[in-house]
Amino acid sequence: MRMTLAVHPRQYTIHSFSPNAQLPSEVFAEEVYFIGRTEEGLTVVVSSELELNSLEQEPHWCCFEVLGPLGFSMTGILSKISGTLADVQISIFALSTFDTDYILVKKNCLQSAVAALKKAGYKIIESNEAP
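What you see is a predicted model; the values in this text were computed from it and never measured.

## Digging into helix H3 (residues 110-119)
Restricting attention to buried positions, one finds in H3 the residues Leu110, Ala113, Val114, Ala116 and Leu117. Summarising the axial view, the buried residues of H3 lie within an arc of 165°, below the 170-degree limit, and thus occupy one face. Residues Gln111 and Lys119 are exposed on H3 and point more than 90 degrees away from its buried face. Elements in contact with the buried residues of H3: strand S1 (4-17), strand S4 (56-66), helix H2 (77-87), strand S6 (101-106) and strand S7 (123-126).

As structure tokens, this is what we get:
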């Protein structure tokens, strides 16, 4: 099965907060946001347009969406994509939802990532909407 990945136009920033930090309400007003909390910390991914006062931040990430929905019985999707990108020395930040996966790559690696994924047989399209 040939997978299609949509490149989204928006850039994202990955933020780090203390585990018990109170997030500003603007985060929850965003069209798209991802939050992960562990004992060690709170990670928030939001549009780079939203400036947050975080402990650390890593800006300029571009997003590939694996067009789905993907069933839970489907295996190896993220592994194959991350392996393809690792083979060309591109680091990723991966996120998953109930329906699909998102792979973030640094903006300066986007064109190389697109080329590697196309070479590996993935169909890459431009998306007009944020994930």
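## Quick notes on a nonpolar patch on the surface
Residues Phe28, Tyr33 and Ile35 make up a contiguous nonpolar surface patch of about 270 Å² in total accessible area. Topologically, phenylalanine 28 is positioned in helix H1 (residues 25-29). Exposure remark for phenylalanine 28: the relative accessible area of 44% places this residue in the partly exposed category.

## Observations concerning the nonpolar core
Counting residues in each nonpolar core, the largest one holds 18 residues, and the members touching the most others are Leu5, Phe64, Ile81, Leu85, Val105, Leu117 and Ile124. When contributions to this core are tallied by element, the ones reaching two or more residues are S1, S4, H2, S6 and H3. Broken down by element, this core gets its largest block of residues, four residues, from H3. By size, the runner-up hydrophobic cluster in this structure holds ten residues, among which are Val45, Trp61, Cys63 and Leu95.

## Regarding unusual backbone geometry
Excluding glycine, residues mostly carry a negative phi; peptide bonds, for their part, are mostly trans. With a phi close to 70°, histidine 60 is a non-glycine residue in the positive phi region. Note that histidine 60 resides in strand S4. Since its relative accessible area comes to 44%, histidine 60 is described here as partly exposed. Phi is positive for glutamine 89, close to 65°, though the residue is something other than glycine. Following the sequence through the fold, glutamine 89 ends up in the loop between H2 and strand S5 (93-96).

## Re the packing of aromatic side chains
Taken as a whole, this structure holds three aromatic pairs when the rule is applied. Taken together, a centroid distance of 5.6 Å and an interplanar angle of 85° make the contact between phenylalanine 28 and tyrosine 33 edge-to-face. Accessibility expressed as a relative area gives 33% for tyrosine 33, which makes it partly exposed.

## Points about the environment of valine 105
Its location among the elements puts valine 105 in strand S6. Assessed through its relative accessible area of 0%, valine 105 is described here as buried. With 44 residues separating them along the chain, valine 105 and tryptophan 61 place their C-alpha atoms 5.4 Å apart. Aside from chain neighbours lying at most four places away, what touches valine 105 is His60, Trp61, Cys62, Phe64, Leu85, Ile90, Ser91, Ile92, Leu110 and Ala113.

## Observations concerning the packing of H2 against H3
Their axes nearest at 9 Å, the elements H2 and H3 cross at an angle of 120°. Here H2 lies oblique to H3, going by the angle between them. The handedness of the crossing between H2 and H3 is right-handed. Residues Ile81, Thr84 and Leu85 of H2 pack against Ala113, Ala116 and Leu117 of H3. Its residues assigned to classes, the contact of H2 with H3 shows five nonpolar, one polar and no charged.

Definitions and limits used
- Residues numbered from 1 in each chain as written.
- Predicted model: local features only at pLDDT ≥ 70, side-chain atom pairs only at ≥ 80, totals over all residues.
- Heavy atoms only, no water.
- Buried < 20%, exposed > 50% of the residue type's maximum accessible area, 1.4 Å probe, protein only.
- Helix = DSSP H or I, 4+ residues; strand = E, 2+ residues; numbered from the N terminus.
- Arc of directions from axis to C-beta.
- Contact = heavy atoms within 4.5 Å.
- Patch = residues over 30% accessible without salt bridge, like charges linked within 9 Å, V, L, I, M, F, W, Y side chains within 5 Å.
- Areas by Shrake-Rupley, 256 points an atom, 1.4 Å probe, with all protein chains shown as cover.
- Salt bridge = Lys/Arg side-chain N within 4 Å of Asp/Glu carboxyl O.
- Core = buried A, V, L, I, M, F, W, Y, C linked by side-chain atoms within 4.5 Å.
- Phe/Tyr/Trp six-rings, centres within 6.5 Å; stacked < 30°, edge-to-face > 60°.
- Axes fitted to C-alpha atoms, helices over the stretch in contact; angles between N-to-C directions.
- Parallel < 35°, antiparallel > 145°, perpendicular 65-115°, else oblique.
- Left-handed = near helix turned anticlockwise from the far one by under 90°.
- Nonpolar A, V, L, I, M, F, W, Y, C, P; charged D, E, K, R; others polar.

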